[in-house]
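As a plain string of letters, each chain reads:
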Amino acid sequence: MQEWGDALWPRVGAVAACSAGAAVVTLILSGRIDEAREHFASRRVGVRGLFSVGRLRRGERPFPHDEIYRATLEYAFADGGFERIRKAPFPVRILCASFPRRIPKMLGIAVGLALYEAEKRAVPGLLHPTLPRKLGFEERWWDARECESPSDLVELVLSSSSTPPFTNLGSFDGPLLDGSMIDNAPAFLAEGVPGVDKNIVLLTRPYDPAHVGRRGHRYYVAPREPLPIERWDYREHAPVDETFDVGRREAPHHRDGIDALLSS
């Protein structure tokens with residue numbers, strides 16, 4: 001979006017995202033994504049892995065993710081960032097997942113994440129998961145512009161990204177989990193906005209070319225190579241900049257297809 005922004009933002013009728021995508025789109029709309037990246041890097045200094053025995057011995061959470069994630073969002077939404085998001089001229093829908101009824105929360109977390117991963121592995125070309133919904137996970141979404149304070153928006157994004165034990169359970173409006181339990185690329189949310197009849201869907205892992213590109217009124221953008229960074233990699237030397245560079249290299253490859261979609 002940083003590469004295509006000048007051409008795309010004036011035509012945007014809605015944005016829908018969840019998990020890390022929700023974080024990235026709010027950082028972009030805050031106008032402080034570069035500052036947030038620098039702050040994110042500064043908060044990761046000294047982090048060597050996913051789990052810290054030293055933190056555990058000090059009585060702290062052994063996973064540093066929630067603390068760093070929260071601090072980065074708070075920093076980005078300060079100094080006018082939150083106000084810029086509130087002034088976005090289109091809905092910014094952020095997806096979370098609520099738990100199935102009559103299933104204990106810890107069991108729901110374990111089973112939901114297991115189903116999500118199993119379905120992705122079993123059906124490599126699957127663009128939108130289905131099994132967690134069948135278990136009883138339900139969609140919950142909010143427009144980021146309707147958050148009343150920066151802290152509310154921080155809680156919404158964290159809830160949309162909630163993946164225990166790396167982060168706390170989401171608490172924006174009751175217990176919530178990562179919106180990917182419903183759909184890791186929630187195009188349906190954007191298409192629920194009146195007037196939205198074309199959709200660019202951004203994916204974060206490679207797919208067979210037969211499953212991406214132009215598909216009806218949607219254009220699926222997927223990287224042609226695996227991203228250098230892995231999920232929840234908050235190490236000090238995690239390849240964050242290298243991952244952004246992949247996006248910049250990929251942008252020209254998809255430009256013709258996106259222009260064709262928008263001109264049709």
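Residues numbered from 1 in each chain as written. Predicted model: local features only at pLDDT ≥ 70, side-chain atom pairs only at ≥ 80, totals over all residues. Heavy atoms only, no water.

1. With respect to the overall build of the protein chain
Scanning the protein chain for helices and strands turns up 11 helices and 7 strands. Over its C-alpha atoms the protein chain spans a radius of gyration of 18 Å, differing by no more than 12% from the 18 Å that the globule rule assigns to 264 residues. Taking the principal axes of the C-alpha coordinates as reference, the protein chain spans close to 60 × 40 × 40 Å. Sorting the 264 residues of the protein chain into buried and exposed places 45% on the buried side. Taking as baseline every contact in the protein chain between residues at least 6 positions apart, the subset at least 24 positions apart corresponds to 72%. When the accessible surface of the protein chain is summed, it comes to about 13400 Å², and 53% of that surface belongs to carbon and sulfur atoms. Between the averaged position of the 35 positive side-chain charges in the protein chain and that of its 36 negative side-chain charges there is a distance of 4 Å. (Helix = DSSP H or I, 4+ residues; strand = E, 2+ residues; numbered from the N terminus. Rg over C-alpha atoms; globule rule 2.2 N^0.38 Å. Buried < 20%, exposed > 50% of the residue type's maximum accessible area, 1.4 Å probe, protein only. Contact = heavy atoms within 4.5 Å. Areas by Shrake-Rupley, 256 points an atom, 1.4 Å probe, with all protein chains shown as cover. Lys, Arg positive; Asp, Glu negative; His and termini not counted. Charge placed at Lys NZ, Arg CZ, Asp CG, Glu CD.)

2. Quick look at unusual backbone geometry
Cis geometry marks the peptide bond from proline 164 to proline 165, where omega comes out at 10°. Phi angles above zero are rare outside glycine, and tryptophan 232 is one such case at about 60°. The topology assignment puts tryptophan 232 in the loop between strand 7 (218–221) and helix 11 (240–263). Of the residues examined, tryptophan 232 reaches a relative accessible area of 14% and is grouped as buried.

3. Regarding the side chain of threonine 26
Structurally, the position occupied by threonine 26 is in helix 2 (residues 19–30). Residue class for threonine 26 comes out buried when judged on its relative accessible area of 0%. At 2.9 Å, the side chain of threonine 26 forms a polar contact with the backbone oxygen of alanine 22. Apart from the residues within four sequence positions on either side, threonine 26 is in contact with Phe77, Ile85, Ile94 and Val157. (Polar contact = N/O pair within 3.5 Å; in protein donor to acceptor, adjacent residues only side chain to side chain.)

4. Points about the side chain of glutamate 119
Along the chain, the position of glutamate 119 falls in helix 7 (residues 105–122). Lysine 134 provides the closest opposite charge to the buried, salt-bridge-free glutamate 119, at an N-O distance of 6.2 Å. In this structure glutamate 119 touches Leu126, Pro129, Thr130, Leu131 and Pro132, once residues within four positions along its chain are discounted. (Salt bridge = Lys/Arg side-chain N within 4 Å of Asp/Glu carboxyl O.)

5. Points about empty space enclosed by the protein
With the rule as written, the count across this model stands at 1 cavity of 30 Å³ or more. Around the largest cavity, the lining residues are Tyr116, Lys120, Leu126, Leu127, His128, Pro129, Asn184, Arg205 and Tyr207. (1 Å grid on protein atoms, 1.4 Å probe; cavity = no way out; pocket = protein on both sides within 12 Å on 5 of 7 lines; lining within 4 Å. Points joined across faces, edges and corners; volume = space filled by probe spheres on them.)

6. Regarding the packing of helix 3 (residues 33–43) against helix 5 (residues 65–76)
Close contact between helix 3 and helix 5 brings their axes to 9 Å; oriented N to C, the two are set at 150°. Put simply, helix 3 runs roughly antiparallel to helix 5. When the axes of helix 3 and helix 5 are compared, the crossing they make is right-handed. Two secondary-structure elements touch here, helix 3 through Glu35, Ala36, His39, Phe40 and Arg43 and helix 5 through Glu67, Ile68, Ala71, Thr72, Tyr75 and Ala76. Taken together, the residues of the contact of helix 3 with helix 5 sort by class into 6 nonpolar, 2 polar and 3 charged. (Axes fitted to C-alpha atoms, helices over the stretch in contact; angles between N-to-C directions. Parallel < 35°, antiparallel > 145°, perpendicular 65-115°, else oblique. Left-handed = near helix turned anticlockwise from the far one by under 90°. Nonpolar A, V, L, I, M, F, W, Y, C, P; charged D, E, K, R; others polar.)

7. Some points on helix 2
When the terminal C-alpha atoms of helix 2 are compared, their 17 Å separation across 12 residues agrees well with the 16 Å that a helix rising 1.5 Å per residue should span. For helix 2, the complete set of buried residues consists of Ser19, Ala22, Ala23, Val25, Thr26, Leu27, Leu29 and Ser30. Phi turns positive, to about 75°, at glycine 31, one or two residues after helix 2. (Expected span 1.5 Å × (residues − 1).)

8. What to know about the packing of aromatic side chains
Tallying each qualifying case throughout the model produces 9 aromatic pairs. What links up through ring pairs into an aromatic cluster is the set Phe40, Phe51, Phe63, Tyr69, Phe166, Trp232 and Tyr234. Positioned over the ring face of tyrosine 75 is arginine 32, at 4.8 Å from the centre of the ring. The ring of phenylalanine 244 carries arginine 37 above its face, with NZ or CZ at 3.9 Å from the centroid. (Phe/Tyr/Trp six-rings, centres within 6.5 Å; stacked < 30°, edge-to-face > 60°. Lys NZ or Arg CZ within 6 Å of the ring centre and 35° of its normal.)

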